[in-house]
2 protein chains.
Amino acid sequence: MTEHDLGVLSAAAVIVRKLPRQRFIDEGAEAIHFFTMSEGTARIFKTLADGRQQLVSFASRGDFLGLAVASRYAYSVEAIDAVSYCRFSRPDLRALLRDFPDMEKRLLEITCHELILAQEQMLLLGRKSARERVASFLILRISRSAARGLEPTHGIPVSLPMTRSDIADYLGLRIETVSRTLSSMKQDGLIRSDASAHGVLIANLAALDACAAGA
Amino acid sequence: MTEHDLGVLSAAAVIVRKLPRQRFIDEGAEAIHFFTMSEGTARIFKTLADGRQQLVSFASRGDFLGLAVASRYAYSVEAIDAVSYCRFSRPDLRALLRDFPDMEKRLLEITCHELILAQEQMLLLGRKSARERVASFLILRISRSAARGLEPTHGIPVSLPMTRSDIADYLGLRIETVSRTLSSMKQDGLIRSDASAHGVLIANLAALDACAAGA
DNA sequence: CGGTAACTTGAGCCGCTTCAATCCGCGTGG
DNA sequence: CCACGCGGATTGAAGCGGCTCAAGTTACCG
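Residues numbered from 1 in each chain as written. Chains lettered and ligands numbered in written order. Predicted model: local features only at pLDDT ≥ 70, side-chain atom pairs only at ≥ 80, totals over all residues. Heavy atoms only, no water.

(A) Seen up close, the overall build of chain A. Of the regular secondary structure elements, chain A holds seven helices and 11 strands. In terms of overall size, chain A behaves like a compact globule, its C-alpha atoms giving a radius of gyration of 19 Å where 215 residues would be expected to give roughly 17 Å. Each principal axis of the C-alpha distribution contributes one length, and for chain A these read about 55 × 45 × 30 Å. The proportion of buried residues among the 215 residues of chain A is 49%. Within chain A, residue pairs in contact and separated by at least 24 positions form 71% of the contacts whose partners lie at least 6 positions apart. Roughly 10000 Å² of accessible area belongs to chain A as shown, and the carbon and sulfur atoms make up 53% of that amount. Within chain A, the 25 negative side-chain charges are centred at a point lying 4 Å from the centre of the 27 positive side-chain charges. (Helix = DSSP H or I, 4+ residues; strand = E, 2+ residues; numbered from the N terminus. Rg over C-alpha atoms; globule rule 2.2 N^0.38 Å. Buried < 20%, exposed > 50% of the residue type's maximum accessible area, 1.4 Å probe, protein only. Contact = heavy atoms within 4.5 Å. Areas by Shrake-Rupley, 256 points an atom, 1.4 Å probe, with all protein chains shown as cover. Lys, Arg positive; Asp, Glu negative; His and termini not counted. Charge placed at Lys NZ, Arg CZ, Asp CG, Glu CD.)

Pasting the structure below:
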């Protein structure tokens with residue numbers, strides 16, 4: 001979603017702020033609203049009866065939430081850090097799509113792109129080993145991390161603002177496995193520690209890439 | 001996709017037939033065409049370098065193939081049984097969308113629905129046990145199997161036209177695990193054998209449902 | 001500094017995979 | 001009509017990758 005679209009949308013929408021851990025979409029609830037993220041990061045996830053969770057994706061600025069063909073939300077969404085978003089009703093969305101026909105095309109493009117990402121994630125969840133999953137995740141995160149003044153001597157910086165628990169729920173692993181895998185990758189010189197646990201430096205991108213691809 | 005849409009599309013398209021095992025979309029190839037399935041069943045899948053496969057979905061009559069935001073196909077597609085489909089070029093699709101504006105809305109709806117299915121599958125692949133996966137799969141197949149003259153005394157018939165290998169690749173398991181799980185479900189009275197390996201009868205839907213939901 | 005939540009590390013276990021041996025169904029040809 | 005062959009399915013035994021349970025360690029915040 002472009003900055004221009006966001007502008008148009010926010011004019012018709014209510015702006016809402018949420019603190020970390022607050023939930024603002026509930027899987028199975030009546031789908032009344034649509035949302036576009038304008039600040040922060042949120043976790044989109046599904047839950048099984050006994051509490052097992054699968055994180056379907058991370059949402060950040062520009063992402064579209066509240067997707068539902070039937071009248072109920074297909075997933076829950078919680079703020080990871082401080083989040084703000086635009087909220088608008090289904091009738092308002094319909095009006096917007098009428099007034100800005102290009103937006104429908106864009107919406108289709110976005111949804112197709114999400115579907116492709118979802119399929120890539122199915123490959124990861126169904127067929128990749130723990131190490132391959134973590135490698136894939138780190139590579140995915142490169143684009144999300146501002147590469148300001150990159151210094152190849154130390155490695156490509158990757159920020160991991162979410163907890164290990166979020167990463168584990170995203171990769172279909174347990175937190176211990178994520179932690180162990182990161183340690184083992186440090187051992188093998190693939191990555192290096194950044195300050196704190198919420199960031200790493202990629203020391204050997206080629207090797208990490210090969211690992212992510214399943215080689 | 002409705003029968004009416006299929007009619008409109010087939011008027012502008014080339015109709016092609018494929019025999020079992022023939023591939024007609026190649027992951028990574030230039031995405032020149034779009035496709036709509038008109039007969040048979042196909043496997044949509046992604047592949048890793050060493051041959052591991054993840055089946056992303058089964059395609060049958062009315063399903064839309066060739067999705068690609070970038071210019072390359074995101075997955076491969078192969079015929080499972082005898083398949084026929086309509087093929088048309090991207091410019092033709094654009095013309096169709098111009099001439100039938102409602103089709104874009106429908107395309108968006110279809111894609112949203114696929115995305116929701118994909119997310120459900122992520123939950124399955126990331127968090128469900130083998131038994132829960134097979135239970136989920138059988139329940140999913142109920143709707144695909146014509147429930148002609150259902151006889152609750154013998155169980156709800158479910159047809160499994162694909163091989164165990166396809167099921168395994170869809171569920172992120174090995175064929176041996178699928179086979180063992182089905183046997184164990186028979187043992188436990190959840191399902192019964194139909195004639196041949198390509199069909200079962202669901203004997204205890206409630207229990208199977210509970211299992212699929214992770215209870 | 002104290003307390004808590006997040007992260008790391010270790011040891012043992014379990015579910016799924018791997019490897020291997022049948023078994024079954026079906027089409028083919030003698 | 002039956003023997004044969006072949007691909008798919010089933011079953012068995014052993015191994016291993018990721019999970020579970022548990023004990024530290026570190027980072028963060030009052």
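Now that the structure has been shown, the text picks up again.
(B) Layout of the pairing of strand E4 (residues 42–47) of chain B. Residue and element names in this part refer to chain B. The buried count for E4 comes to five of six residues, which makes it a mostly enclosed element. Pairing of E4 with strand E5 (residues 53–59) involves six bridges; the strand directions are antiparallel. Within the sheet, the bridge partner assigned to Arg-43 lies in E5 and is Phe-58. Hairpin geometry of E4 and E5 is characterised by an intervening segment of five residues between the two adjacent antiparallel strands and by a positive phi of about 100° at Gly-51. Both E4 and strand E7 (residues 76–79) contribute to a ladder of four bridges, which runs antiparallel. Of the residues in E7, the one forming a bridge with Ala-42 is Ala-79. (Pairing = 2+ DSSP bridges.)

(C) A look at the pattern of salt bridges. The full count for this structure, using the stated rule, is 30 salt bridges over all chains. Among the salt bridges present, the one from Lys46(A) reaches Glu27(A), with a minimum N-O distance of 3.7 Å. Of the two residues, Lys46(A) is situated in strand E4 (residues 42–47) and Glu27(A) in the loop between strand E2 (23–25) and strand E3 (33–39); the sequence distance between them amounts to 19 residues. For Lys46(A), a relative accessible area of 2% corresponds to the buried category. A salt bridge links Arg127(B) to Asp169(A), with the shortest nitrogen-to-oxygen separation between them at 3.1 Å. Of this pair, Arg127(B) sits in helix H3 (residues 102–127) while Asp169(A) sits in helix H5 (residues 164–171), placing the two residues on different chains. Each member of the pair, Arg127(B) as well as Asp169(A), is classed as buried. (Salt bridge = Lys/Arg side-chain N within 4 Å of Asp/Glu carboxyl O.)

(D) Examining the relation of the copies chain A and chain B more closely. Under the fitted operation, chain A is carried onto chain B by 0.0 Å of movement along the axis and a turn of 180°, and the coordinates agree to an RMSD of 0.0 Å. Such a combination of turn and shift is consistent with a two-fold rotation axis. When the interface residues of chain A are mapped onto chain B, 100% of them again fall at the interface, so both copies present the same face. (Least-squares fit on C-alpha atoms with pLDDT ≥ 70 in both.)

(E) Inspection of the packing of helix H4 (residues 130–144) of chain A against H5(A) at higher detail. All names here are of chain A. In the contact formed by H4 and H5, the axes pass within 11 Å of each other and the chain directions differ by 110°. Taken together, the axis directions place H4 and H5 in an arrangement best described as roughly perpendicular. Crossing of H4 against H5: the hand is right-handed. Facing Arg-133, Val-134, Phe-137 and Leu-140 of H4, the residues of H5 in contact are Ile-167, Tyr-170 and Leu-171. By residue class, the composition of the contact of H4 with H5 is six nonpolar, no polar and one charged. (Axes fitted to C-alpha atoms, helices over the stretch in contact; angles between N-to-C directions. Parallel < 35°, antiparallel > 145°, perpendicular 65-115°, else oblique. Left-handed = near helix turned anticlockwise from the far one by under 90°. Nonpolar A, V, L, I, M, F, W, Y, C, P; charged D, E, K, R; others polar.)

(F) Structural context of the protein's contact with DNA strand D. Of all residues adjacent to DNA strand D, which total 18 residues, the nearest are Ala130(A), Arg174(A), Thr177(A), Arg164(B) and Ser183(B). Within 4 Å of the protein, the contacting atoms of DNA strand D are drawn from sugar and phosphate to the extent of 67%. The contact in question runs from a phosphate oxygen of DNA strand D to an N or O atom on the side chain of Ser183(B), over 2.4 Å. Put simply, the parts of the chain that give the surface near DNA strand D at least two residues each are helix H6 (175–187) of chain A together with helix H6 (175–187) of chain B. If one sorts the elements of the surface near DNA strand D by residue count, H6(B) sits on top with four residues. Considering only residue class, the surface near DNA strand D consists of three nonpolar, eight polar and seven charged. (Near = heavy atom within 4 Å. Polar contact = N/O pair within 3.5 Å; in protein donor to acceptor, adjacent residues only side chain to side chain.)

(G) Examining the interface of chain A and chain B more closely. Each partner contributes to the interface: chain A provides 43 residues, whereas chain B provides 43 residues. Of the roughly 4000 Å² buried at the junction of chain A and chain B (both faces included), carbon and sulfur atoms supply 68%. Inspection of the chain A/chain B interface yields eight salt bridges. Among the residues making up the side of chain A that touches chain B, the classes are represented as 20 nonpolar, 10 polar and 13 charged. (Buried area = accessible area lost by both parts, 1.4 Å probe.)

(H) Examining the sheet that holds strand E1 (residues 14–18) of chain B more closely. Residues and elements named next belong to chain B. Pairing is antiparallel across the open sheet formed by four strands, whose spatial order is E1-E8-E3-E6. Of all strands in the sheet, those with a lone pairing partner are E1 and strand E6 (64–65), marking the two edges. Bridging between E1 and strand E8 (residues 83–89) involves five bridges; their strand directions are antiparallel. Paired with Arg-17 across the bridge in E8 is Ser-84. Sheet strands touched by helix H2 (residues 90–99): strand E3 (33–39), E6 and E8. Its angle to E8, the strand with the most contacts, is close to 80°.

(I) Focus on the nonpolar core. The biggest cluster of nonpolar side chains holds 128 residues, and the ones touching the most others in it are Phe24(A), Leu65(A), Leu138(A), Phe24(B), Leu65(B) and Leu138(B). Apart from residues no more than four positions distant in its own chain, Leu65(B) is found in contact with Phe24(B), Ile25(B), Phe34(B), Phe35(B), Met37(B), Ile44(B), Ala59(B), Tyr75(B) and Val77(B). (Core = buried A, V, L, I, M, F, W, Y, C linked by side-chain atoms within 4.5 Å.)

(J) Structural detail: the domain arrangement of chain A. Residue and element names in this part refer to chain A. What the domain assignment lists for chain A is domain 1 (3–121) and domain 2 (128–212). Each of domain 1 and domain 2 was reduced to a C-alpha centroid, and the two centroids are 26 Å apart. Across the contact, 12 residues belong to domain 1 and eight residues belong to domain 2. Counting each side, the surface lost to burial between domain 1 and domain 2 is near 960 Å², with a carbon and sulfur contribution of 47%. Looking at the side of domain 1 facing domain 2, the largest losses of area belong to Leu-55, Phe-58 and Gln-121, adding up to 46% of the total buried there. Counting across the interface, domain 1 meets domain 2 through two salt bridges. Across the salt bridge formed by Arg-43 and Asp-166, the nearest N and O atoms sit 2.6 Å from each other. Connecting domain 1 to domain 2 are seven residue pairs in polar contact (both at pLDDT 80 or more). Counting residues per element, the ones that place at least two in the side of domain 1 that touches domain 2 are strand E5 (53–59) and helix H3 (102–127). For the side of domain 1 that touches domain 2, the element with the most residues is E5, which contributes six residues. (Domains from an automatic or database assignment.)

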